[in-house]
Amino acid sequence: MTGERKTGFWTMNKCLWTIVLLVLGNVLFAQSISGTLVDVQGQPVQGMVFLDGTGLKAESNEQGFYRFTKVKAGNYKVVAFVPGYKTAYKEIEVASDDLKVGFTLSELETELDEVTISDSRSEDLGIGWLESVSGSAIYEAKKTELIEVDRIIGNKAANVGRQVYSRVPGLNIWENDGAGINLGIGGRGLNPNRTSNFNVRQNGYDISADALGYPESYYTPPVQALDRIELVRGAAGLQYGTQFGGMLNFDFKEGPADKKLAFLFNQTFGSFGLYNAFQSVGGTVGKFNYYTFYQYKRSKGWRPNSQQDQHNFFASVKYSFTPFVDVKLEHTYMTYQAQQPGGLTDLEFYQDPTQSKRARNWFDVGWNLTAMEWNYRVSSRLKFNNRTFHLSANRYAVGNLGRIDRPDVEDENRNLLKDDYNNWGNEFRVIYHYPLLGQRSVLLVGNRLYSGRTLREQGEGSNGSGADFTFVNPGEPDDSDFEFPSSNLAFFAENIWNITPKLSVTPGLRYEYIDTEAIGYYYDRREDLAGNVLYEERINEDKGKVRSFALVGLGVSYKHIEVLELYANFSQNFRAINFNDIRVDNPSLEVDENIDDERGFNIDLGIRGAKQGKFRYDISAFFLSYRDRIGSVLRTEPDPRFNNLVDRTFRYRTNIADAAIVGLENFIETDIIKWIKPTSETSLTTFLNLAVIYSRYISNQEQGIEGNEVELVPPINIKTGLTYRRGNLGISYLYTYVAEHFSDASNADSTPPVPTAVEGIIPSYYVMDLSMNYTIRFLKVEAGINNLTDQSYFTRRAAGYPGPGIIPAKPRNVYIGVEFQF
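This structure is a prediction, so every number in the text was calculated from the model and none was measured. (Residues numbered from 1 in each chain as written. Predicted model: local features only at pLDDT ≥ 70, side-chain atom pairs only at ≥ 80, totals over all residues. Heavy atoms only, no water.)

## Some details on the overall build of the chain
Consideration 1: Tallying secondary structure elements over the chain gives five helices and 45 strands in all.
Consideration 2: Whereas a compact globule of 822 residues would reach a radius of gyration of roughly 28 Å, the chain reaches 30 Å, a difference of no more than 12%.
Consideration 3: Each principal axis of the C-alpha atoms in the chain carries an extent, and together these give about 130 × 70 × 55 Å.
Consideration 4: Per-residue burial for the chain yields a buried fraction of 55% across its 822 residues.
Consideration 5: Sequence separation of at least 24 residues holds for 67% of the intrachain contacts in the chain that already meet a minimum separation of 6.
Consideration 6: For the chain, the accessible surface area stands at approximately 33,800 Å², while carbon and sulfur atoms represent 57% of it.
Consideration 7: The average position of the 85 basic charges and that of the 100 acidic charges among the side chains of the chain differ by 9 Å. (Helix = DSSP H or I, 4+ residues; strand = E, 2+ residues; numbered from the N terminus. Rg over C-alpha atoms; globule rule 2.2 N^0.38 Å. Buried < 20%, exposed > 50% of the residue type's maximum accessible area, 1.4 Å probe, protein only. Contact = heavy atoms within 4.5 Å. Areas by Shrake-Rupley, 256 points an atom, 1.4 Å probe, with all protein chains shown as cover. Lys, Arg positive; Asp, Glu negative; His and termini not counted. Charge placed at Lys NZ, Arg CZ, Asp CG, Glu CD.)

## Side note on the packing of aromatic side chains
Consideration 1: A full pass over the atoms with the stated rule returns 41 aromatic pairs.
Consideration 2: Arranged with centres 6.4 Å apart and planes meeting at 55°, the rings of Tyr291 and Phe293 form a pair that is tilted. Here Tyr291 and Phe293 have matching classes, each one buried.
Consideration 3: Taken together, Tyr214, Tyr218, Tyr336, Phe363, Trp367, Tyr421 and Tyr801 form an aromatic cluster joined through their ring pairs.
Consideration 4: Sitting over the ring of Tyr89, Lys77 keeps its end group 4.7 Å from the ring centre.
Consideration 5: The residue whose ring lies beneath Arg608 is Tyr567, and the NZ or CZ to ring-centre distance is 4.1 Å. (Phe/Tyr/Trp six-rings, centres within 6.5 Å; stacked < 30°, edge-to-face > 60°. Lys NZ or Arg CZ within 6 Å of the ring centre and 35° of its normal.)

## Points about the pattern of salt bridges
Consideration 1: Per the counting criterion, the structure on display carries 41 salt bridges.
Consideration 2: One salt bridge in this structure joins Lys143 and Asp618, with 3.5 Å as the shortest N-O distance. Taken together, the residues Lys143 in the loop between strand E11 (137-138) and strand E12 (144-148) and Asp618 in strand E34 (residues 615-638) connect sequence positions 475 residues apart. For the pair Lys143 and Asp618, a shared accessibility class is recorded, and that class is buried.
Consideration 3: The partner of Arg162 in a salt bridge is Asp769, with the nearest N and O atoms 2.7 Å apart. Of this pair, Arg162 sits in helix H2 (residues 161-164) while Asp769 sits in strand E41 (residues 765-776), and the two are 607 residues apart along the sequence. One exposure class covers both Arg162 and Asp769, and it is buried.
Consideration 4: Taken together, the shared-partner salt bridges in this structure form one network comprising Glu62, Glu254, Lys318, Lys328 and Glu330. (Salt bridge = Lys/Arg side-chain N within 4 Å of Asp/Glu carboxyl O.)

## Describing the confidence of the model for the chain
Consideration 1: In the predicted model, the chain carries a mean pLDDT of 88, and the fraction of residues at 70 or more is 90%.
Consideration 2: Segment residues 1-13: pLDDT under 50, and zero contacts once partners within four positions in sequence are set aside and those in other chains are kept.
Consideration 3: Contacts from residues 15-30, a stretch scored under 50 in pLDDT, to residues over four places away or in other chains number seven contacts. (pLDDT = per-residue confidence, 0-100.)

## Remarks on a nonpolar patch on the surface
Consideration 1: Where nonpolar side chains cluster on the molecular surface, the patch consists of Phe265, Phe778, Phe820 and Phe822 and spans about 360 Å² of accessible area.
Consideration 2: Structurally, the position occupied by Phe778 is in the loop between E41 and strand E42 (779-786). (Patch = residues over 30% accessible without salt bridge, like charges linked within 9 Å, V, L, I, M, F, W, Y side chains within 5 Å.)

## Overview of the sheet that holds strand E2 (residues 48-51)
Sheet strands pair by backbone hydrogen bonding; their relative direction is either parallel or antiparallel.
Consideration 1: Ordered in space as E3-E2-E5-E6, the four strands form an open sheet in which the pairing is antiparallel. The outermost strands of the open sheet, each flanked by one partner alone, are strand E3 (56-59) and strand E6 (88-94). Each strand of the sheet is rotated relative to its neighbour by a mean of 20°, with strand direction disregarded. (Pairing = 2+ DSSP bridges. Axes fitted to C-alpha atoms, helices over the stretch in contact; angles between N-to-C directions.)

## A look at the pairing of strand E27 (residues 439-460)
Consideration 1: Pairing of strand E26 (residues 415-436) with E27, which is carried by 22 bridges, proceeds in the antiparallel orientation. Looking at the pairing, Leu417 lines up with Gln458 of E27.
Consideration 2: Remark: two residues form the turn of the hairpin made by E26 and E27, two consecutive strands paired antiparallel; Leu437 in that turn has positive phi of roughly 55°.
Consideration 3: Inspection of the sheet shows E27 paired to strand E28 (residues 480-498) by 18 bridges, in the antiparallel sense. Residue pairing across strands places Val442 opposite Ile496, the latter belonging to E28.

## Looking at the side chain of Asn203
Consideration 1: Structurally, Asn203 is set in the loop between strand E15 (199-202) and strand E16 (205-206).
Consideration 2: At a separation of 2.8 Å, a polar atom in the side chain of Asn203 contacts the main-chain amide nitrogen of Phe252.
Consideration 3: With residues near it in sequence (within four places) discarded, Asn203 still touches Asn249, Phe250, Asp251, Phe252, Phe314, Glu330, Glu373 and Arg387. (Polar contact = N/O pair within 3.5 Å; in protein donor to acceptor, adjacent residues only side chain to side chain.)

## Focus: the sheet that holds E15
Consideration 1: With mixed pairing, six strands are arranged side by side in an open sheet as E9-E12-E17-E18-E15-E16. On the outer flanks of this sheet lie strand E9 (127-128) and E16, each paired with one strand and no other.

## A few points about the environment of Lys545
Consideration 1: Tracing the backbone shows Lys545 in strand E30 (residues 533-561).
Consideration 2: Note on Lys545: relative accessible area 27%, which makes it partly exposed.
Consideration 3: In this structure the side chain of Lys545 is engaged in a polar contact, spanning 2.5 Å, whose partner is the side chain of Asp596.

## Side note on unusual backbone geometry
Consideration 1: Along the chain, Tyr801 connects to Pro802 via a cis peptide bond; the corresponding omega equals 5°.
Consideration 2: Tracing the sequence through the fold places Pro802 in the loop between strand E43 (794-798) and strand E44 (805-808).
Consideration 3: A cis geometry characterises the amide bond from Gly803 onward to Pro804, with omega recorded as 0°.
Consideration 4: Following the sequence through the fold, Pro804 ends up in the loop between E43 and E44.
Consideration 5: Here Leu712, not a glycine, exhibits a phi torsion of approximately 65°, which is positive.

## Some remarks on the environment of Tyr450
Consideration 1: When you line up the elements, Tyr450 lands in strand E27.
Consideration 2: Taking relative accessible area as the criterion, Tyr450 reaches 4% and is therefore assigned buried.
Consideration 3: In this structure, the C-alpha to C-alpha distance between Tyr450 and Asn423, residues 27 residues apart in sequence, is 7.5 Å.
Consideration 4: If sequence neighbours within four positions are ignored, Tyr450 has contacts with Asp210, Ala211, Leu212, Phe389, Asn423, Trp424, Gly425, Ser486, Ser487 and Asn488.
Consideration 5: Of note is the side chain of Tyr450, whose polar atom sits 2.9 Å from the side chain of Asp210.

## A short note on the nonpolar core
Consideration 1: Ranked by size, the top nonpolar core spans 64 residues in total, and within it Tyr165, Tyr218, Ile229, Leu248, Phe250 and Trp367 carry the most contacts.
Consideration 2: A total of five residues in this core trace back to one element, the largest contributor, which is strand E24 (residues 362-377).
Consideration 3: If you look at the next biggest cluster of nonpolar residues, it comprises 20 residues, including Ile33, Tyr85, Ala88 and Ile92. (Core = buried A, V, L, I, M, F, W, Y, C linked by side-chain atoms within 4.5 Å.)

Listed below in structure tokens is the structure:
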């Protein structure tokens, strides 16, 4: 009996002790230690954090965040170690509460980190500029713009270009569709058509159809998926390729570092049947960071025959092997189909801009883009970066490309153009920081490999009215069938030499090897007015063109104080012409078979600065020399349809002349309230974006061109506005004015109007936009009115799709959106 009691007693005590130990274990092991590693400028740092004597360690991520979990109660020494920085430690006591332990790390005198311009990117202003060294690129002394997308109050669902790029001086923005599926921007007199004069990138890699031979961008990333937009003007050619316009990079969001799972749902509705659904998911799980989104967009359009439907998917996964080595894999899939209402003549536009004369024109695009990036930071001095990408895409267009002043006969076969693109590229970069003459210097070297292959077919399509993209003669299209292979090898280098702590000199060099070919056939034929063939000949071609050359550049920067930097740069530019954009049978246009590459240079001279939260400005002058500029002129020749007894007039695309473009690009923004009350949480910012440009053709390869204004150059381009923020409320007003300018090099005016409406004046216009947003915890409401005063205007005259003729801009329209974040 006694033994039984003892056994029961010990059994009960064991249970009690087990419960006590479990409770104490939960208390002792439930604590966590977390914090961030930053440098003296507040920028996050990746490194290792140790609990001295325990063997426990944690890595900080790109945001500098680290975390220990299940740490026993007791006294510890937390040690932060990052190569190139002084080792730091803090002694702590872990009790019953989670601890926050952060470190601000100082550089070792023998180590060098990235050179930066001291500015304030966290302020409540709408634009900034890129750091002198950012990631694996050098931007010292260059004309740059940095758009923080979250700061934009506007119609992001429709990618309204004048709102997104409102603070970028000198951009000529074309408005092609009402849903913002395609972006068309150009600067300094360069053609805005599908942003083809910029090297367009996404997360640092190419996204255009054929970056070498056909650099038109039929895919534009949705603004709602972007973290920021980076622009570098003409001096970008040394690092990113030879485009005159510079580089435009869309930098996507990543999954949050402090959440395993974060959701965003956005639903936006607008006038003319606009509906945009955007959903994203992202987060960080262990060493994996992921981000993905799906977007669906549709619109009925504000003109007849202008419906659009788009699907867009993106997924990105990044794995960090250590704080210094990571690899990222991305894939983009986009498809859209749009009916195109065609252009109008001048008379038709002023009578009724809502009408449509083309009911059988369709456009279909598919984009598959895969990329991989890896980074290896050997130390704070040395970093390697490599990006590889592959594009498989198509662009199909069917419809009537004939003169817009002639009717579209319902039973006639339509023109059909089919392009298929298959490209790949690789870009490797090395950034090295080193001491020279007691100052910090930075060297960038890299190389680029690129291979492109475009298949282009053109001939007669069906005589129906639907989106039918099959040829009448699929085995041998009636007009042309070409393959356009291209290859490119480039080496580049830039170096920042800091002569003093304030003065730097940045020389650069780029070597290019370009090989382009054209293999296929086309039909040379002439018809009479009744459509009877007068003569026809099939021409087989097998052409190639190889060129190699070097480009040089030089930048100088003097940073007197934080609010005053003087910068200047010179950079040579080159734009290769591929046979790709020659072989297009367009009744409104003929192309010179001997069209040649374009050459020239950009010069910038500017002054810029910023004061935390109060103002920011960038005032600069530029000069663009453009040799052998390609443009369109009106020509006449004997018309074989009338036995050469009368002449016919047609548009001819060729190297028409050398051009000189000079101008001022000015931007200033200030917060009025911060001047009156610096500590106020309310903000009222106003800005002025003003470009004044003078352009002339200075030599004459085509008769009647010398002394003319360069086409597509508005002499005055103004955007100005106000943004009010208080608490969770934001309201923005934008005013845009673009002065009258010419659409062609012959400077054809509109009195009397040209019957085809392809040549003529782009009249001056102004537009006003009003937008707002309001956030309540996880809910955001957005609404606005675009084209507030319902102006009737147009921004372009199209020679082919989506015309030909005048393409009217969208009238007054409204939108409202609801966004949830969890």
